[in-house]
Amino acid sequence: MNTLPIESAANPLPPKVRFSLRRVWLLARATVTQLVRMKILAFLVVFCLLAAGAGFAFSVINPEQQLNLLKSVTLGALQIFSLVIGVVSTALLLPKDLEDRTLYTILSKPVPRFDYLLGKLLGVLLLIGGGLVVMDAVLSLVLWLRQTVLLDAYLANLRSEKLDSPEAVAQVREIVARQGLTWNLHWAVWAIFLKAAVVSAVALLLSCIASSTLFTIVITFCITIIGHGEALIREFFLTPNLGGTFNRIASFALAVICPDLAQFDIVDGVIAGELVPWSVVGDMTGIAALYVTVYLFATHLLFVEKEL
Amino acid sequence: MPETPAVSVQHLTKVFKGSLGKGAFRAVHDLSLTVHSGEVYGLIGPNGSGKSTTMKVILGLLRATEGQTSIFGVPSTEVGSRRSVGFLPENPYFYKHLTGRETLCFYGSLCGLRGRKLNERADEMLVLTGLEDAAARRVGGYSKGMLQRLGLAQALIHEPRLLVLDEPTAGVDPTGSRVIRDLILSFRARGITVLVTSHLLEQMQEVCDRVGIMARGRMVREGRLEDLVAVENQTELVLENATPELLAEINALIQTAGKDARLLRSGRPRTTLERLFIEATQESGKP
Amino acid sequence: MKRALQVAGVLLLFGMVKLPLEQGMTHDLRKRRLLEEPLRLGVGEDLGQAGLAASLGGLRGLAACMFQLRAHVEFTHVNWAKVDSLYKLVTRLQPREARYWEEAAWHMAYNAASFYLYNMELKPSLRGQLYHDHVKRGVAILEEGLKFLPDNPRLWQKLAEVHWARTKNYKLAGDAYWNSFTHGGLNFTERFAAYAWAQSNDRESWKKGYAILKRLYDGGKATPGLIEYLQMLERHLGIPVTQPAEGSRAGGTVRQPQAGPVR
């Protein structure tokens, strides 16, 4: 190859490198494949087995209980999956790239540090989101199958005992439909994703500060647990004349630092059959986006001058 | 109009802040150097002398505590300065699950290349570094030498004007080292500026135009290689098929007519172990 | 250091801005019953560490399911005290899930009560005592559930069934069936309210029952059972007895109506 470099000293390229969605997408894709290679998606297989087990086991309990158990177990597993993957994956990303020197080869290219951060976070969210979509589909399928089988069995039982009055049949259909597959279940999965997104952003921020991956993981989990009780802490602080000065300062500090993760815990309400209106979906999405934006901004402030 | 230097380091000082209980550490102290466009500059020194720190500041991976660094006139703190730079870190690591070609395409895309241009450049780099046969293999299966060459390829993919190579032959066998050295010489021939660090002095001697010697964070010597290594008051003669009588005559001549001159040593020149290794293991040139 | 301060400042400022947003969001979600009220802390010791962590971690539903399964196991071992205490935890974790209150009451008012009533190893007086205690426990559970879910027709219906079949308090059974109907319960609950009132000793209840059955009779919805109870009420109230429709049975013995759909 004999071509000389295109640029010359007399005609330097303009120095400004702008934010590029394409670059971010590239980094996100690389992150997804990197995490997938760590066998993280083996959990998907475990989940499918769990869903099948929860759906078709425990036949001694009544149909309504069985459907409720299936939803509780599978949605609980989705929550655990998304939180664990979010925390552990994000906490590993920066230290691993730094240790392997991959970070040097990437940042020695004209890649703004913000693009790198956003690409990494987006990659984790794509992984979690993709996993949740698949598991939601599996859950929906198992739930629909189970609900159909249970309804048929229940109605056959009523018929055999000559108790199949129209009212009894209507009541049974209503009970099974309420406990079965509804559109609200997908909003519950969306809420699980939003919570995972917030927690991942917290983990990314902490991984910039901490020198140890284990420290990042432990502290993020602590913040996650406190975040689920943040509403109590906040209400304690906002109630006047409650508690001593130290308690009020401590509760203020915790309420300010930790995100309120209980806002995304609509799973139980959905399982109970409550409707999720669009306004709630919009509010949850908006507040999650606000958390992620602010945490990402804070991470950028730290990372832009981080010694590599 | 004087040409803009490829790299300009002016009074660079880098102090690493200590963590709890430990004091600050000064890695580089008042360092100044200039790498002219088109030359091969070697930055040499023992471990811990500040070479890697200096490189990282030049590349914008670290911030200078004091002083300035720039690449072709653009401050290193600007992301845009990296458009002109290709960097090969020491012991490079790439995503194992990607093939060689995919790795090059990934880094090329980060530099803004896309489509046919990206594919063409990737192919060119694979041929240049002798990796075209391994292009479809996962990087996880590459040898050390192959990883180094892949590192060179990704450093070159966006046609940089400056190459920064950190210990490019560390851990590589002599044949692989030779290939890398030949590549460096070819870069110079094509007008690409090369800034290389190493503590393998013999290798540096073969490729560098100018060298800077660092020790304990400071530049202790700097200049053109020939000027630095020449022992001014000694002359070397290498004779072929000289008879013992001739050698005795030369020795007698030195003693009688050489004034202050004296014969320091004589004997058979030795080949290097490296040349011997290469001759013994000569293949087609592709390890 | 400067950056660290900037970051701290950003997080502090954001933290203060988010407090009212979070508060508003939480209230909205609780109003829509998508979020539970905070767990009563006194229950924390009973839950055990794992249960408490799960309940605080947004997995209250899952924790409740697990405890319910354990309760089912204890039910198979006829360990009624354990069944009761486990369902107490379940209903604390998910107080707005009617099904849990219903199941807890069913175990006490039916399964446990019958177990003790037919347990020949116990003295007869003790059997009767334990039977009544457990029926009362079942009623108490449903009443507690109705404090959380006052509009739930199924819980009212279950309460009515317990009063009808177990406590034999027909006035309370009628009141409960009526509450079920007025809160959107199935149509039969209106009739059953009247049937229960017909068997009570309260004149006001008889009047309410009569009004319902007469309306249904005049509307052409007479069944043999309805006619019998209507005639009973007419006798109680001294109203001329309605002539039965052609083909129906004459007044006399009262058939026990079916207390709602079979579980």
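Residues numbered from 1 in each chain as written. Chains lettered and ligands numbered in written order. Predicted model: local features only at pLDDT ≥ 70, side-chain atom pairs only at ≥ 80, totals over all residues. Heavy atoms only, no water.

Visitor: Which residues make up the overall build of chain A, and what are the values?
Guide: Each helix and strand counted, chain A has twelve helices and zero strands in total. The order of helices and strands in chain A, counted from the N terminus, is α-α-α-α-α-α-α-α-α-α-α-α. Against the compact-globule benchmark of 19 Å for 308 residues, chain A has a radius of gyration of 25 Å, which places it well outside the compact range. If you line up chain A on its principal axes, its C-alpha atoms span 95 × 65 × 35 Å. (Helix = DSSP H or I, 4+ residues; strand = E, 2+ residues; numbered from the N terminus. Rg over C-alpha atoms; globule rule 2.2 N^0.38 Å.)

Visitor: Go over the overall build of chain C with me, naming the residues and quoting the values.
Guide: For chain C, the helix and strand inventory stands at eleven helices and zero strands. If you list the helices and strands of chain C from N to C, you get α-α-α-α-α-α-α-α-α-α-α. Scored against the burial criterion, the 263 residues of chain C give a buried share of 51%. (Buried < 20%, exposed > 50% of the residue type's maximum accessible area, 1.4 Å probe, protein only.)

Visitor: Could you give me a rundown of the pattern of salt bridges, with the residues and numbers involved?
Guide: What the rule picks out here adds up to 32 salt bridges over all chains. For Asp28 of chain C, the salt bridge identified is with Arg32 of chain C, shortest N-O distance 3.3 Å. For the salt bridge of Glu103 of chain C with Arg99 of chain C, the shortest nitrogen-to-oxygen distance reads 3.4 Å. One end of the pair, Glu103 of chain C, and the other, Arg99 of chain C, are both in helix α5 (residues 98–117), four residues apart, so they sit about a helical turn from each other. Assigned by exposure class, Glu103 of chain C and Arg99 of chain C land together as buried. Three or more residues joined by partner-sharing salt bridges are found here, namely Glu230, Arg234 and Asp260 of chain A together with Lys18 and Glu22 of chain C. (Salt bridge = Lys/Arg side-chain N within 4 Å of Asp/Glu carboxyl O.)

Visitor: Describe the sheet that holds strand β2 (residues 25–35) of chain B, with residues and values.
Guide: Hydrogen bonding along the main chain pairs the strands of a sheet, whether they run parallel or antiparallel. Residue and element names in this part refer to chain B. Sheet architecture is open: four strands sit in the order β2-β1-β4-β5, paired in antiparallel fashion. Taken across any chain shown, the strands that pair with only one partner, and hence form the sheet edges, are β2 and β5 (74–75). Pairing geometry for strand β1 (residues 7–16) and strand β4 (residues 66–71), over five bridges, is antiparallel. Bridging across to β4, Val7 finds its partner in Ile71. Here helix α1 (residues 51–58) sits on the sheet and contacts β1, β2 and β4; the angle it forms with β1, its principal contact strand, is near 115°. (Pairing = 2+ DSSP bridges. Contact = heavy atoms within 4.5 Å. Axes fitted to C-alpha atoms, helices over the stretch in contact; angles between N-to-C directions.)

Visitor: Describe the packing of α5 of chain C against helix α6 (residues 124–148) of chain C, listing the residues and the values that go with them.
Guide: Residues and elements named next belong to chain C. Between α5 and α6, whose axes approach to 8 Å, the crossing angle comes to 175°. Accordingly, the angle class assigned to the pair α5 and α6 is roughly antiparallel. Contacts between α5 and α6 pair Trp101, Glu102, Ala104, Ala105, Met108, Ala109, Ala112, Ala113, Ser114, Tyr116 and Leu117 from the former with Arg127, Leu130, Tyr131, His134, Val135, Arg137, Gly138, Ile141, Leu142, Glu144, Gly145 and Phe148 from the latter. Per-class residue counts for the contact of α5 with α6 are 15 nonpolar, four polar and four charged. (Parallel < 35°, antiparallel > 145°, perpendicular 65-115°, else oblique. Nonpolar A, V, L, I, M, F, W, Y, C, P; charged D, E, K, R; others polar.)

Visitor: Any chance you could break down the interface of chain A and chain C for me, citing the residues and the numbers?
Guide: Of the residues lining the interface, 63 residues belong to chain A; the matching set on chain C comes to 51 residues. Both sides together, the interface formed by chain A and chain C hides about 4900 Å², and carbon and sulfur atoms give 64% of it. The interface formed by chain A and chain C contains four salt bridges. Remark: the boundary between chain A and chain C carries 14 residue pairs in polar contact (both at pLDDT 80 or more). Secondary structure elements with two or more residues in the side of chain A that touches chain C: α3 (63–99), α6 (166–179), α7 (184–209), α9 (230–238), α10 (245–257), α11 (267–271) and α12 (278–303) of chain A. The element that contributes the greatest number of residues to the side of chain A that touches chain C is α12 of chain A, accounting for 13 residues. Grouping the amino acids of the side of chain A that touches chain C by side-chain chemistry returns 37 nonpolar, twelve polar and 14 charged. (Buried area = accessible area lost by both parts, 1.4 Å probe. Polar contact = N/O pair within 3.5 Å; in protein donor to acceptor, adjacent residues only side chain to side chain.)

Visitor: Describe the packing of aromatic side chains, naming the residues involved and giving the relevant values.
Guide: On inspection of all chains with the given rule, the structure shows 26 aromatic pairs over all chains. For the pair Tyr295 of chain A and Phe14 of chain C, a centre-to-centre distance of 6.1 Å together with 80° between the ring planes defines the contact as edge-to-face. On the criterion of chain membership, the pair formed by Tyr295 of chain A in helix α12 and Phe14 of chain C in helix α1 (residues 2–31) is interchain, its members lying in two chains. Assigned by exposure class, Tyr295 of chain A and Phe14 of chain C land together as buried. Counting every residue linked through ring pairs, the aromatic cluster contains Trp164, Tyr170, Tyr177, Phe188, Phe192, Tyr195 and Tyr229 of chain C. Residue placement shows Lys14 of chain B over the ring face of Phe16 of chain B; its charged tip is 5.2 Å from the ring centre. (Phe/Tyr/Trp six-rings, centres within 6.5 Å; stacked < 30°, edge-to-face > 60°. Lys NZ or Arg CZ within 6 Å of the ring centre and 35° of its normal.)

Visitor: Which residues make up the packing of helix α1 (residues 21–36) of chain A against helix α5 (residues 113–160) of chain A, and what values do they have?
Guide: All names here are of chain A. Two elements in contact, α1 and α5, have axes separated by 7 Å at closest approach and are oriented at 50°. Between α1 and α5, the interaxial angle falls into the category oblique. As α1 packs across α5, the resulting crossing turns out to be right-handed. Note on element contacts: α5 touches α1 through Asp115, Tyr116, Leu118, Gly119, Lys120, Leu122, Gly123, Val124, Leu126 and Leu127, opposite Arg23, Val24, Trp25, Leu27, Ala28, Thr31, Val32, Gln34, Leu35 and Val36. For the contact of α1 with α5, the per-class residue count stands at 13 nonpolar, four polar and three charged. (Left-handed = near helix turned anticlockwise from the far one by under 90°.)

Visitor: Now, about the side chain of Gln263 of chain A: what can you tell me, with residues and values included?
Guide: Mapped onto the elements of the fold, Gln263 of chain A is located in the loop between α10 and α11. There is a polar contact of 3.2 Å between the side chain of Gln263 of chain A and the side chain of Tyr291 of chain A. Not counting residues within four places of it along the chain, the set of residues in contact with Gln263 of chain A comprises Met284, Ile287 and Tyr291 of chain A together with Glu22, Met25, Thr26 and Leu29 of chain C.

Visitor: Now, about α6 of chain C: what can you tell me, with residues and values included?
Guide: All names here are of chain C. If you check α6, its first and last C-alpha atoms are 37 Å apart, about what 25 residues at 1.5 Å a residue would give, namely 36 Å. Turning to α6, its buried residues number three or more, namely Arg127, Leu130, Tyr131, His134, Val135, Gly138, Val139, Ile141, Leu142, Gly145 and Leu146. Buried-residue contacts for α6 involve α4 (80–93), α5 and α7 (153–167). (Expected span 1.5 Å × (residues − 1).)

Visitor: Mind laying out the confidence of the model for chain A, listing which residues take part and the relevant values?
Guide: All names here are of chain A. Counting all residues, the mean pLDDT for chain A is 85, and 93% of those residues have values of 70 or more. No element of chain A has a lower mean pLDDT than helix α2 (residues 42–56), which averages 74, and none a higher one than α12, which averages 95. Segment residues 1–11 is flagged for pLDDT under 50; beyond a separation of four residues in sequence, or across chains, it makes 22 contacts in the model. (pLDDT = per-residue confidence, 0-100.)

Visitor: Can you lay out the sheet that holds strand β9 (residues 210–215) of chain B for me, pointing to particular residues and giving the numbers?
Guide: Residue and element names in this part refer to chain B. One open sheet holds the six strands; their spatial order is β6-β7-β8-β3-β9-β10, and the pairing between them is mixed. Unpaired on one side and paired on the other, β6 (85–88) and β10 (218–224) mark the two borders of the sheet. Ignoring which end each strand starts from, the neighbouring axes of this sheet average 15° apart. Pairing of strand β3 (residues 40–44) with strand β8 (residues 193–198), which is carried by five bridges, proceeds in the parallel orientation.

Visitor: Tell me about the interface of chain A and chain B, and name the residues and values.
Guide: At the interface, 44 residues of chain A touch 44 residues of chain B. When the shortest N-O distance is used, the salt bridge between Glu307 of chain A and Lys14 of chain B registers 2.5 Å. Inspection of the region where chain A meets chain B yields ten residue pairs in polar contact (both at pLDDT 80 or more). Among the elements of the structure, α1, α3, α4 (102–107) and α5 of chain A are those that each provide at least two residues to the side of chain A that touches chain B. No other element matches α1 of chain A, which puts seven residues into the side of chain A that touches chain B.

Visitor: Describe the confidence of the model for chain C, with residues and values.
Guide: Residue and element names in this part refer to chain C. Of all residues in chain C, 83% have pLDDT values of 70 or greater, and the mean over the chain is 85. When pLDDT is averaged over each element of chain C, helix α8 (residues 170–182) comes out on top at 96 and helix α2 (residues 44–56) at the bottom at 58. Ignoring residues within four places in sequence, the model shows residues 245–263, a span with pLDDT below 50, making 43 contacts including any to other chains. Of the two predicted TM-score estimates for the complex, the pTM is 0.79 and the ipTM is 0.82.

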